[in-house]
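# Notes for the structure review
Residue-level listing of the chains:
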Amino acid sequence: DAGVIQSPRHEVTEMGQEVTLRCKPISGHDYLFWYRQTMMRGLELLIYFNNNVPIDDSGMPEDRFSAKMPNASFSNLKIQPSEPRDSAVYFCASSTTSRNTEAFFGQGTRLTVV
Amino acid sequence: GESVGLHLPTLSVQEGDNSIINCAYSNSASDYFIWYKQESGKGPQFIIDIRSNMDKRQGQRVTVLLNKTVKHLSLQIAATQPGDSAVYFCAENRAGGTSYGKLTFGQGTILTVHP
């Protein structure tokens, strides 16, 4: 397996634009996590899914953020409208129920909102 | 104005020395405690975990100690190598309850190994 695949690797967008970050988890993994990493706040859990169902979205900053997992092989995180304070590295990770402590992370998407 | 970021704890060691990285946690309901390593430009990578009913677990060159009385977790790395230089995160995981499977991370410690 190629691991968790995120796209794009880098995204530069203007304030007010919609941004979509994509993630393909490892095949067979039933947990999917979205994290945001910044110098100010460290590594924050935004939302996570189990079997495509959102379990906890308490980390989503505000209504501008939304995440979906339409099937077991894809999830996206949308920011609309984007703001400069959303600039961060966004990580997607996946794991299995039997080894839930071992999450496999993607390479991340570095988002810059100007 | 200038932004203020997290002031991560730092640890500098010489190659070959043993390293001890510490973490304090607050959630007594966590079922597992985990250590992750993040190298520059990459996502975090799993190192080792320990169940909450244990106090010590050993892996290859690493040992994790859990002290539930004072809510303290540590990672010991034996014979530290330059390739161990990274940011180390402790994390907590819940096996049950309303947020089962939730994996949350601490602030991290920067380890620098000098040759």
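Structure report, in brief. These numbers were taken from a predicted model, which means no experiment stands behind them.

## Some remarks on the overall build of chain B
Counting its secondary structure elements, chain B contains zero helices and ten strands. Listed by position from the N terminus, the elements making up chain B come as β-β-β-β-β-β-β-β-β-β. In terms of overall size, chain B behaves like a compact globule, its C-alpha atoms giving a radius of gyration of 15 Å where 115 residues would be expected to give roughly 13 Å. Overall size of chain B, expressed as C-alpha extent along the three principal axes, is 45 × 45 × 25 Å. A buried classification covers 39% of the 115 residues belonging to chain B. Considering only contacts in chain B between residues 6 or more positions apart, those separated by 24 or more positions represent 54%. Accessible area for chain B stands at about 6,100 Å²; split by element, carbon and sulfur atoms hold 47% of it. If the 10 positive side-chain charges of chain B are averaged to one point and the 9 negative ones to another, these points end up 9 Å apart.

## Some words on the sheet that holds strand β7 (residues 65-71) of chain A
Residue and element names in this part refer to chain A. Pairing in this open sheet of four strands is antiparallel, and the strands run β1-β3-β8-β7 from one edge to the other. For this open sheet the edge positions go to β1 (5-7) and β7, each flanked by a neighbour on one side alone. Geometrically, the sheet is characterised by an average inter-axis angle of 15° between neighbouring strands, direction not taken into account. Pairing of β1 with strand β3 (residues 19-24), which is carried by three bridges, proceeds in the antiparallel orientation.

## Notes on the side chain of T38 of chain A
Residue and element names in this part refer to chain A. By the secondary structure assignment, T38 is in strand β4 (residues 31-38). Looking at T38, the relative accessible area reads 19%, which means it is buried. At 3.0 Å, the side chain of T38 and the backbone nitrogen of R41 are in polar contact. The residues contacting T38, other than those within four sequence positions of it, are S87 and A88.

## Topic: the pattern of salt bridges
Summed over the entire model, instances satisfying the criterion amount to 13 salt bridges over all chains. Notably, a salt bridge pairs R99 of chain A with E102 of chain A, separated by 3.1 Å at the nearest N-O pair. For R99 of chain A, a relative accessible area of 33% translates into the label partly exposed. R57 of chain B serves as the salt-bridge partner of D49 of chain B, at 2.4 Å between the closest nitrogen and oxygen. Residue D49 of chain B is classed as buried on the basis of its relative accessible area, which comes to 3%. Judged by relative accessible area, R57 of chain B falls into the partly exposed class, the value being 36%. Here the salt bridges share partners, and the residues they tie into one network are E62, R64, E83, R85 and D86 of chain A.

Thresholds applied
Residues numbered from 1 in each chain as written. Chains lettered and ligands numbered in written order. Predicted model: local features only at pLDDT ≥ 70, side-chain atom pairs only at ≥ 80, totals over all residues. Heavy atoms only, no water. Helix = DSSP H or I, 4+ residues; strand = E, 2+ residues; numbered from the N terminus. Rg over C-alpha atoms; globule rule 2.2 N^0.38 Å. Buried < 20%, exposed > 50% of the residue type's maximum accessible area, 1.4 Å probe, protein only. Contact = heavy atoms within 4.5 Å. Areas by Shrake-Rupley, 256 points an atom, 1.4 Å probe, with all protein chains shown as cover. Lys, Arg positive; Asp, Glu negative; His and termini not counted. Charge placed at Lys NZ, Arg CZ, Asp CG, Glu CD. Pairing = 2+ DSSP bridges. Axes fitted to C-alpha atoms, helices over the stretch in contact; angles between N-to-C directions. Polar contact = N/O pair within 3.5 Å; in protein donor to acceptor, adjacent residues only side chain to side chain. Salt bridge = Lys/Arg side-chain N within 4 Å of Asp/Glu carboxyl O.

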